[in-house]
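Notes for the structure review
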Amino acid sequence: MRIYREKDYNAVSRRAAAVIAAQVVAKPDCVLGLATGSTPIGAYKQLVEWHKQGDLSFAEVRSVNLDEYFGLAPTHDQSYRYFMQTNLFDHVDIVPENTNVPSGLAQDAAAECARYEQVVADLGYADLQLLGMGRNGHIGFNEPCAEFPVATHLVDLTQSTIDANARFFASADDVPRQALTMGIGTIMRARSILVVVSGADKAEAVRKTVNGPVTPEVPASILQLHPNVTLIGDEAALSGLK
Ligand code: F6R
């Protein structure tokens, strides 16, 4: 695992954007695995800026997002589809049909999970998968559990994730209780992985991910077994590392 220690969130965002841009330049028709949450927002802003300056095109890029709340319409302002439209897709030249996010309104969750896993497989899995990390070490919505979930699946969100995400909703009661997420196997099939972390509240999860044992109790710890992982964090998030 390559680790970059940056002085603050802006520096994390700039380096993360540079890694993503390098992937797009090296392989214009690459498959980008994308994440939502607050951490990647700065990187997406930087990518939009480079696109607007004429330095970066997403015209041939295909994308697969990690996850989506189950029950939220794509037009809901807290859905992950809406997040991707407003933070990235609407501001660059990516072809809408080339963007993939699990459908939060699917009637049959199991069928939607199987469909989505097949979409990712048919694209040959991600060339570069961007990940944030939950305070409990979750990646995508793969929460701490007894066994690593392999494929795209429906999850019950833990109370800690519901509480962490409540800041985006009118109240904690409005946070969906379930989500559709790529599995750990789906994520690990990406050819390269970029993890972005910022803030002291991630320090313990980062420490366990990098220095702890590989365990489904800390889902991100599986990344120790991936041959091509880059972790970019600010001083606060990396403060627990040896
Ligand atoms: C988002 C996702 C989540 C977040 C994680 C960190 O698509 O899958 O795993 O990456 O919850 O979120 P932030 O960046 O808001 O701290």
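Residues numbered from 1 in each chain as written. Predicted model: local features only at pLDDT ≥ 70, side-chain atom pairs only at ≥ 80, totals over all residues. Heavy atoms only, no water.

1. Considering the layout of surface pockets
To be explicit about the condition: For each structure, a 1 Å grid was placed over the protein atoms alone; sets of points admitting a 1.4 Å probe that cannot get out are labelled cavities, open sets with protein on both sides within 12 Å along at least five of seven lines are labelled pockets, and lining residues have an atom within 4 Å of a point. Grid points are joined across faces, edges and corners, and a volume is the space filled by probe spheres set on the points. Under the DSSP-based scheme used, a helix requires at least four consecutive residues in state H or I and a strand at least two consecutive residues in state E, with every element numbered from the N terminus. When residues are grouped by polarity, Ala, Val, Leu, Ile, Met, Phe, Trp, Tyr, Cys and Pro land in nonpolar, Asp, Glu, Lys and Arg in charged, and all others, Gly among them, in polar.
One number sums up the size of the largest pocket: a volume of about 670 Å³. Residue lining of the largest pocket: 36 residues in total, with Thr36, Gly37, Ser38, Asn165 and Arg167 positioned closest to the centre. Among the elements that line the lining of the largest pocket, the one with the most residues is helix 5 (residues 159–165), at four residues. Counted by class, the lining of the largest pocket contains 15 nonpolar, 15 polar and six charged residues.

2. Focus on the packing of aromatic side chains
What counts here: Pairing of aromatic side chains here covers Phe, Tyr and the six-membered ring of Trp, requires ring centres within 6.5 Å, and sorts the geometry by plane angle: under 30 degrees stacked, over 60 edge-to-face, intermediate tilted. Per-residue accessibility, obtained with a 1.4 Å probe over protein chains only, is compared with the maximum for each type, and a residue is labelled buried under 20%, exposed over 50%, and partly exposed between these values.
A full pass over the atoms with the stated rule returns five aromatic pairs. Pairing Tyr44 with Phe83 gives two aromatic rings, centres 6.4 Å apart and planes at 70°, and the pair type is edge-to-face. Of this pair, Tyr44 sits in helix 2 (residues 41–52) while Phe83 sits in helix 3 (residues 80–87), and the two are 39 residues apart along the sequence. Residue class for Tyr44 comes out buried when judged on its relative accessible area of 0%. Relative accessible area serves as the criterion here: at 13%, Phe83 is assigned to the buried category. Between the aromatic rings of Tyr69 and Phe141, the centroid separation amounts to 5.7 Å while the plane-to-plane angle is 45°, which identifies the pairing as tilted. Pair noted here: Tyr69 is in strand 4 (residues 67–69) and Phe141 is in the loop between strand 6 (128–131) and strand 7 (153–156), with a separation of 72 residues, a long-range link. In this pair, the class of Tyr69 matches that of Phe141, namely buried.

3. A word on the environment of Arg135
The condition is simple: Note on contacts: a residue pair is in contact if any heavy atoms of the two residues lie within 4.5 Å. A 3.5 Å cut-off defines polar contacts: any pair of N or O atoms within that distance qualifies, except that in protein one atom must be a possible hydrogen donor and the other a possible acceptor, and neighbouring residues in sequence count only when both atoms are side-chain atoms.
Take Arg135: it is sitting in the loop between strand 6 and strand 7. In sequence terms Arg135 and Ala164 are 29 residues apart; their C-alpha atoms lie 8.6 Å from each other. Not counting the four nearest positions on each side in its chain, Arg135 is found in contact with Ala164, Asp201, Lys202 and Ala205. Reaching out from Arg135, the side chain makes a polar contact with the side chain of Asp201 at a distance of 3.2 Å.

4. Points about the site of the ligand
As a reminder, the rule being used: To be near a molecule or strand, a residue needs just one of its heavy atoms within 4 Å of it. To decide whether a molecule occupies a pocket or cavity, check its atoms: if more than half lie within 2 Å of the grid points, it is inside.
Neighbouring the ligand are 14 residues; Thr39, Asp67, His138, Gly140 and Lys202 lie closest to it. One of the backbone N or O atoms of Ser38 is found 2.8 Å from an oxygen atom in the ligand. For the ligand, an oxygen atom lies 2.5 Å from a polar atom in the side chain of Asp67. Judged by the proximity of its atoms to the pocket grid, the ligand belongs to the largest pocket.

5. Let's talk about the nonpolar core
Basically, it comes down to this: Buried Ala, Val, Leu, Ile, Met, Phe, Trp, Tyr and Cys residues form a nonpolar core when they are joined through side-chain atoms within 4.5 Å.
The biggest cluster of nonpolar side chains holds 55 residues, and the ones touching the most others in it are Leu32, Leu47, Phe58, Leu88, Val195 and Leu223. Per element, the largest residue contribution to this core is six residues, and it comes from helix 1 (residues 9–26). Excluding its chain neighbours within four sequence positions, the residues that come into contact with Phe58 are Val24, Leu32, Leu47, Val92, Asp93 and Ile94. Judged by nonpolar contacts, the second largest core, of eleven residues, contains Leu72, Tyr80, Phe141 and Val175.

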